[in-house]
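# Coordinate analysis (summary)
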Amino acid sequence: MAIHTQVIPCQSSSISFADADTPHISDHQTSDALQKAAKLLHDLQVVAFPTETVYGLGALALSETAASRIFSTKGRPADNPLIVHVSSEAMLTRLLPQGYEPSPLYKLLMKRFWPGPLTLLFPADSTIIPAIITANQPTVAIRMPIHPVARALIAVADAPIAAPSANSSGKPSPTRAEHVFRDLDSKIELILDGGACGVGLESTVVDGLQADGNLRVLRPGGITVEDLEQAIREEMGDSDDMPRVLVHRRDYADTIIEETPTTPGMKYRHYSPAVPVTLIYTASPPPDGLERSSVSSFVTTLLDQHASATDPLKVGLLMPSDSPLLRVLSQTTGLQWVSHPLGPVAEPSVTAQRLFDGLLTLEREGVDLILVEEVLEEREGLAVMNRVKKAAGESAWLKLDVADRSSLLDASRT
Ligand code: TXA
Ligand code: MG
């Protein structure tokens, strides 16, 4: 039976916290919306709500029935575990095995980055955390979000909330309430609208439970590797036995992880809009086997491949605002370009914030395909490239040729 999906605006600025568990909400509509959402959660329903990273699809984490609705609503494979969201350290302690004491590394990470977009793996006590949440893993992923609406919802419900991104499995994660509505309309009762998410990509997922004491980044995200390294250096000093930050695939390989879906996006298709995405390499040595081509021959090939598409071919561009490639392509005639600029090359946090919005907005605008230009895998760029590589079905390696450069020069003279 189709459900009427309500979208209620919430004012983040009307929410303040006397302490972690006691939100004060001055705006009536926001307060009523949070009460309504908390009631739905306790009725074992799912509710979409904003976090600082992406919108989440929440359900009571300690109810197997409620959590199972997350999987059915998203079409999520049962072997993909969920992140549990808490609003206070007291709530965290109630989820952990009795007597468990976090390591000094975890204590410093929580001190520096909670509340915020960092998810930590903890040992899971199966008498506390339902197996559906952990997908039978011995660990449970937990984070404390900083978005006022998310924190207030958990505090008002007075219960830990399991929440994956609020999209159908395999799609880009939603960063605005309207993305959620377009995807999950008639499938859920309530979407809390807190405006656009500030980070725009999911939280960083880290595992600091391994015997060597190092911190493994399973999914790069809102807290960068550089942020983690700096915090460890500042809090633990520059000693030799300081934990190292290891990035999966860059610094270590783990075949067990590759074959199980515990690492986000490893096993399943991810982040893909309904139209094909091509990743364009312009700078770094591209992956093996890619032939370099000029922009003009690339465009000719595109036109040939899509000869039967709408006339003219409508191509979405997700590139830095100051990208030379963007300028050259925009000047190429015979196609319709729809650009959703990703901010200056020098500001990867802006690129992160706009990436999923760009994929979803271009899809909605009816483009035939989307070209995404690579960014440097530094700071937030590491997470951006992690998502783009999974979203893209194809890649190409372009070099601006002499003719491209002269058209650039022409443009810069005018
Ligand atoms: O920013 C975020 O983390 C967002 C917002 C809503 O908080 N949530 C989110 O959830 O991205 P989701 O389900 O889309 O991604 C969570 C990922 C999963 O893909 C899963 O592989 C990983 O976290 N994960 C969860 N529990 C895990 C565990 N016990 N061990 C390893 N990875 C785990
Ligand atoms: Mg997701």
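Above this text sits the structure in question.
Anyway, here's the lowdown on the structure attached to this text. All figures in this text were calculated on a predicted structure; none of them were measured in a lab.

This next bit is on the overall build of the protein. A count of helical and extended segments in the protein gives 14 helices and 19 strands. For the protein, the C-alpha radius of gyration of 22 Å lies close to 22 Å, the compact-globule estimate for 414 residues. Along the first, second and third principal axes, the C-alpha atoms of the protein reach 65 × 55 × 40 Å. Expressed as a percentage of its 414 residues, the buried residues of the protein come to 54%. A separation threshold of at least 6 residues defines the contact pool for the protein, and within that pool the share at least 24 residues apart is 69%. Accessible surface, the protein as shown: approximately 18,000 Å² in total, 50% of it carbon and sulfur. In the protein, 35 side chains carry a positive charge and 51 a negative one; their mean positions are 2 Å apart.

What follows deals with the side chain of glutamate 380. Along the chain, the position of glutamate 380 falls in helix H13 (residues 380-391). Arginine 379 provides the closest opposite charge to the buried, unpaired glutamate 380, separated from it by 4.0 Å. For glutamate 380, the residues in contact, after removing those within four places along its chain, are Thr224, Pro348, Ser349 and Ala352.

Here we come to unusual backbone geometry. Residue proline 115 is reached from tryptophan 114 by a cis peptide bond, and omega for that bond is -10°. A positive phi angle, close to 70°, is found at leucine 44, a residue other than glycine. Turning to its location among the elements, leucine 44 is positioned in the loop between helix H1 (28-42) and strand E4 (47-49). A positive phi angle, near 55°, is found at aspartate 158, a position not held by glycine. The exposed category is assigned to aspartate 158, whose relative accessible area is 53%.

To continue, consider helix H7 (residues 177-184). Along H7, the residues classified as buried are Ala177, His179, Val180 and Leu184. Along the axis of H7, the buried residues cluster in a sector spanning 160°; they form a single face. The positive-phi residue at the C-terminal boundary of H7 is serine 186, with phi of around 75°.

The next point concerns the sheet that holds strand E19 (residues 394-399). Spatial strand order, E15-E19-E14-E18-E16-E17: 6 strands in an open sheet with parallel pairing. Each end of this open sheet is capped by a strand with a single partner; those strands are strand E15 (292-294) and strand E17 (336-339). Strand-to-strand, the axes of this sheet are offset by a mean angle of 35°, without reference to chain direction. Looking at chain direction, strand E14 (residues 277-281) and E19 are connected through 4 bridges and run parallel.

Applying the stated criterion across every chain yields a total of 14 salt bridges. The partner of arginine 387 in a salt bridge is glutamate 202, and the shortest N-O contact between them spans 2.9 Å. One end of the pair, arginine 387, is in helix H13; the other, glutamate 202, is in the loop between strand E10 (190-193) and strand E11 (204-207), and 185 residues separate them in sequence. Glutamate 202 shares its class with arginine 387; the two are buried.

In this section: the packing of helix H4 (residues 104-113) against helix H8 (residues 225-236). Close contact between H4 and H8 brings their axes to 10 Å; oriented N to C, the two are set at 115°. Comparing their axes, H8 and H4 come out roughly perpendicular. Crossing of H4 against H8: the hand is right-handed. Side by side, H4 and H8 meet where Pro104, Leu105, Leu108, Leu109, Lys111, Arg112 and Phe113 of the first sit next to Asp227, Leu228, Ala231, Ile232, Glu234, Glu235 and Met236 of the second. A per-class count over the contact of H4 with H8 returns 9 nonpolar, no polar and 5 charged.

With respect to the helices and strands, the residue threonine 65 is situated in helix H2 (residues 64-74). Threonine 65 sits in the partly exposed class, given a relative accessible area of 43%. Residues threonine 65 and proline 130 lie 65 residues apart in sequence; the distance between their C-alpha atoms is 10.0 Å.

The next subject is the pairing of E17. Two elements, strand E16 (residues 314-318) and E17, share 4 bridges in a ladder whose sense is parallel. What sits directly across from glycine 316, in E17, is valine 338. Since E16 and E17 lie parallel, the crossover through helix H11 (residues 324-331) that links them has a hand, and here it is right-handed.

Calculation rules
Residues numbered from 1 in each chain as written. Chains lettered and ligands numbered in written order. Predicted model: local features only at pLDDT ≥ 70, side-chain atom pairs only at ≥ 80, totals over all residues. Heavy atoms only, no water. Helix = DSSP H or I, 4+ residues; strand = E, 2+ residues; numbered from the N terminus. Rg over C-alpha atoms; globule rule 2.2 N^0.38 Å. Buried < 20%, exposed > 50% of the residue type's maximum accessible area, 1.4 Å probe, protein only. Contact = heavy atoms within 4.5 Å. Areas by Shrake-Rupley, 256 points an atom, 1.4 Å probe, with all protein chains shown as cover. Lys, Arg positive; Asp, Glu negative; His and termini not counted. Charge placed at Lys NZ, Arg CZ, Asp CG, Glu CD. Salt bridge = Lys/Arg side-chain N within 4 Å of Asp/Glu carboxyl O. Arc of directions from axis to C-beta. Pairing = 2+ DSSP bridges. Axes fitted to C-alpha atoms, helices over the stretch in contact; angles between N-to-C directions. Parallel < 35°, antiparallel > 145°, perpendicular 65-115°, else oblique. Left-handed = near helix turned anticlockwise from the far one by under 90°. Nonpolar A, V, L, I, M, F, W, Y, C, P; charged D, E, K, R; others polar. Right-handed = clockwise from strand over helix to strand, strands pointing away.

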